[in-house]
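# Structural characterization, general
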Amino acid sequence: MKKSTDTSEPLQSQDNLISLEGSIETFRFESEQDGFAVATFSAEGQHKKIIVVGALSGISPGETVRLWGRWITHPKFGEQFDVKTFIPILPASVAGICRYLSSGLIKGIGKKFAKRITEKFGAQTLDIIDKDSDRLSEVRDIGPKRLNAIKSAWREHRLIRDIMVFLHSHNLSMNLATKIFRQYREQAIKVLREDPYRLALDISGIGFKTADKVAHSLGIPKDSPQRIRAGILHVLKEASSDEGHTFLPENILHQRAMEILEIGDVDEIKNAQESLAEEDRIVIENTKEEIKAVFPKALHICERGVAERIAYLCSLRRAPFRNDSESAILAFEQKFNFKLASLQKEAVSLAMNGGIMVITGGPGTGKTTIIRAIIDLLSHKKLNIRLTAPTGRAAKRMEETTGMESQTIHRLLKYNPKLGKFIYDEINPLPADLLIVDETSMMDIVLAYHLLKAIGRQTPIIFVGDADQLPSVGPGNFLQDMIHSGVVPVICLTEIFRQARQSLIVVNAHKINHGEFPIIPKMLDEDDALPDFFFIPREDPEEALAALLKVVSERIPSRFNLDPVSQIQVVTPMYKGVIGALNLNRELQKLLNPNLDYISRGGQLLRLGDKVMQLRNNYDKDVYNGDVGIVVGFDREFQTLRVRFEGRVIDYEFSELEDLTLAYAITVHKAQGSEYPAVVIPVMTQHYIMLQRNLLYTAVTRGKKLVCLIGTKKALAIAVRNAKHAERNSALAEWMQALV
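Residues numbered from 1 in each chain as written. Predicted model: local features only at pLDDT ≥ 70, side-chain atom pairs only at ≥ 80, totals over all residues. Heavy atoms only, no water.

## Notes on the overall build of the chain
Per the secondary structure count, the chain includes 27 helices and 28 strands. For a compact globule of 740 residues, the expected C-alpha radius of gyration is about 27 Å, and the chain comes in at 29 Å, within 12% of that figure. Referenced to the eigenvectors of the C-alpha coordinate spread, the extents of the chain come out at roughly 90 × 70 × 55 Å. Here the chain, with 740 residues, has 55% of them falling under the buried criterion. Pairs at least 24 residues apart make up 66% of the contacts formed inside the chain by residues separated by at least 6 positions. Total accessible area computed for the chain in this model is approximately 33,300 Å², and 48% of it derives from carbon and sulfur atoms. (Helix = DSSP H or I, 4+ residues; strand = E, 2+ residues; numbered from the N terminus. Rg over C-alpha atoms; globule rule 2.2 N^0.38 Å. Buried < 20%, exposed > 50% of the residue type's maximum accessible area, 1.4 Å probe, protein only. Contact = heavy atoms within 4.5 Å. Areas by Shrake-Rupley, 256 points an atom, 1.4 Å probe, with all protein chains shown as cover.)

## Some details on the nonpolar core
Phe 41, Val 52, Leu 56, Ile 180, Leu 199 and Ile 232 are the most contacted members of the largest nonpolar core, which totals 58 residues. In terms of residues, this core owes the most to one element, helix H9 (residues 225-243), which gives seven residues. Leu 199 has contacts with Ile 180, Tyr 184, Leu 192, Ile 206, Ala 211 and Val 214, leaving out every residue within four places of it along the chain. Listed in part, the 44 residues of the second largest apolar core include Val 437, Ile 445, Ala 448 and Met 736. (Core = buried A, V, L, I, M, F, W, Y, C linked by side-chain atoms within 4.5 Å.)

## A closer look at the environment of Asp 438
As for its position among the elements, Asp 438 is in the loop between strand E14 (434-437) and helix H18 (445-453). Separated by 51 residues in sequence, Asp 438 and Leu 387 place their C-alpha atoms 7.8 Å apart. Those residues in contact with Asp 438 that sit more than four places away from it in its chain are Thr 388, Ala 389, Pro 390, Arg 397, Met 398 and Val 464.

## As for the pattern of salt bridges
Following the criterion strictly, the structure yields 39 salt bridges and no others. Linking Glu 646 and Lys 396 is a salt bridge whose minimum nitrogen-to-oxygen distance equals 3.3 Å. Taken together, the residues Glu 646 in the loop between strand E23 (640-645) and strand E24 (648-653) and Lys 396 in helix H16 (residues 392-402) connect sequence positions 250 residues apart. Using a relative accessible area of 56% as the deciding quantity, one classes Glu 646 as exposed. The class of Lys 396 is partly exposed, set by a relative accessible area of 39%. Salt-bridge contacts for Lys 511 lead to Glu 516; the nearest nitrogen and oxygen are separated by 3.1 Å. Look at Lys 511 and you get partly exposed, because its relative accessible area is 22%. Bridged by salt links that share partners, the residues Arg 182, Arg 616, Glu 658 and Asp 659 form one connected network. (Salt bridge = Lys/Arg side-chain N within 4 Å of Asp/Glu carboxyl O.)

## Considering the pairing of strand E1 (residues 18-30)
In terms of strand pairing, E1 meets strand E4 (residues 64-74) through six bridges, oriented antiparallel. By the bridge assignment for E4, Ser 19 is matched with Trp 68. Sheet analysis places E1 next to strand E2 (residues 36-43), joined by seven bridges and oriented antiparallel. Within the sheet, the bridge partner assigned to Glu 30 lies in E2 and is Ala 37. (Pairing = 2+ DSSP bridges.)

## A short note on H18
Counting buried residues in H18 gives seven out of nine residues, a clear majority hidden from the surface. Those residues of H18 that fall on the buried side of the exposure criterion are Ile 445, Leu 447, Ala 448, Tyr 449, Leu 451, Leu 452 and Lys 453. Where H18 begins, the capping side chain belongs to Asp 444, and its oxygen is found 3.1 Å from the backbone nitrogen of Val 446. (Polar contact = N/O pair within 3.5 Å; in protein donor to acceptor, adjacent residues only side chain to side chain.)

## A few points about the domain arrangement of the chain
On domain assignment, one finds that the chain holds domain 1 (17-88), domain 2 (90-170), domain 3 (175-285), domain 4 (303-496) and domain 5 (516-630 + 656-721). Domain 2 and domain 5 are separated by 43 Å when their C-alpha centres are compared. (Domains from an automatic or database assignment.)

## Description of the pairing of strand E8 (residues 292-296)
Burial runs high along E8: four of the five residues are buried. Two strands pair when backbone bridges link them, and strand E6 (residues 248-249) and E8 are joined in this way by two bridges, in the antiparallel orientation. Note on E8: the bridge partner recorded for Pro 249 is Ala 293. When strand E7 (residues 282-286) meets E8, the two strands line up antiparallel, connected through five bridges. Its bridge partner lying in E8, Asn 286 is registered against Lys 292.

Below is the structure:
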């Protein structure tokens, strides 16, 4: 159930709504998707606990609130209070204040200190905390550290409460309050009043319609130039974040803007577009096909910058690393007692010449062997060879296969949160004699721009990747554009080597990539040799779910001796649905980690020992989108959760937990760049919209020792046949060709 927010009139003034004051005791159920919750409520003046239902995001257990709603009778659960809206209030009684402070809402105050503080200050407690907080040091065992934590937490809590009051007064959803506070801090109310459309541009998860609702409640008219400009920027932002475009053709932009703004006059859109161009917030350029392309300013800087940098690096003439490539390759082959294929030799020879190049190919085609050969041939020269990849898992895999240190691109370039920029850039180039970048298909145009900016004129760079995998999550088509431009030398590996041909994972990955149905081995007896590729037929999503849970928790661990949490990864095409990542995580968590030590925030239950994934780059914490860790501790009094990422333990404020999600099951996009000992993939017709060849190919190639598909052969066939994928608007290849 969602709050009734269709009218601009504040809900507390609506007729026929009953008002209740009291505190939320416990949540019995919270939905991570829409904020719907079932909770027990202790109302002022009533001894009997009340069951309240509704969209209660933003309320914490122990918090005092005023609810508006109606009494309903549920056919199964009886009388309930159906909440239409709410507002946080401060408790008045000493008992209420003690309960409020005991809830853990204010960092540094648990049950013990809540009792001591209220015993000391009584009904004046909240006034003391708000206006004379230094007096808290009069309470036994409250030292400087705890006092500072309480002061900071109270200040944040008060600001969030002010934001919630503002949202409530404008009939808007309370669950936005924490997100708004985290983005704007003390400036939040000012931003909301002066430019509410910034919400859609600045905050992930807040769309234009929500920002437009705030603007409407503040009296900003529908035909306001401010609103139309914001609508255009939102359409461009959505096109880049959701579809990967770096620009939109002008006619498409106008069409989408008119739809979202509900405006019929295209001239109003054109005028706003002209104004944005004059303000240097967008850039308009004509492409080779005479398309008028409209770029967000930042993406134009990145794409143009990448084209210029690659053209410059291609124009340089460097001294070769070695002039004896042929004899050096022969010595390498004799040393390791095997022969490089002709294309592998060509790639190694090209690398010895220095410069910029691309090596692309599918699994088993020898990309890693080439990297090893290049490193070996240069080992005697004592060069500073740097290895990097877009994600932590990809960098770790590169390190394991080469025996050399590898870092993520973010760590390689050393982001400085205080300065808001990378330390290595065009002014301070990265110290390296050679840079090798793996999993290049994952690099979006923004990351590519920052990396290329930091490459000095004397540093050759080798990009390695699989061009047939999914494109980057972020905007642009960097690897494909480099290949298609014809500007950068490319070695395309196609031969599957003998050892790799023994793996059904490799063979089937190439079959899928060529549009052929994969080989499905027959069911085996217990004594048979185990293949590395399985298909388990299930027609119904519920049956597929049951089979998946059994495979992950019992069958694979017992037959392959793999740990279900650390070594088996469920990779699914979809986020929602019975076999989408959201539901699979709930079910797998219950099955694999029934630990009773947990916290619940925003509908998400996090248990001690849970496998979790970081959802967005956090430069302050030095953790990045896609990093996977294990929950290793909670501190409820100071409201922190601890996660171990590859040997590093990171503390999260409870208010930051929306940056984490369970990672027992992840989407294919989130799995990109990683390899796992075993991968389990549901393939059902319910995922029809996502049944694409490159998506299935990417999922299958995540498995190192075992791949298990569960679903229907029909769905598998649909995915294999469907070679269509949404084209991305990008000017990179065209600009590279023009600049060389």
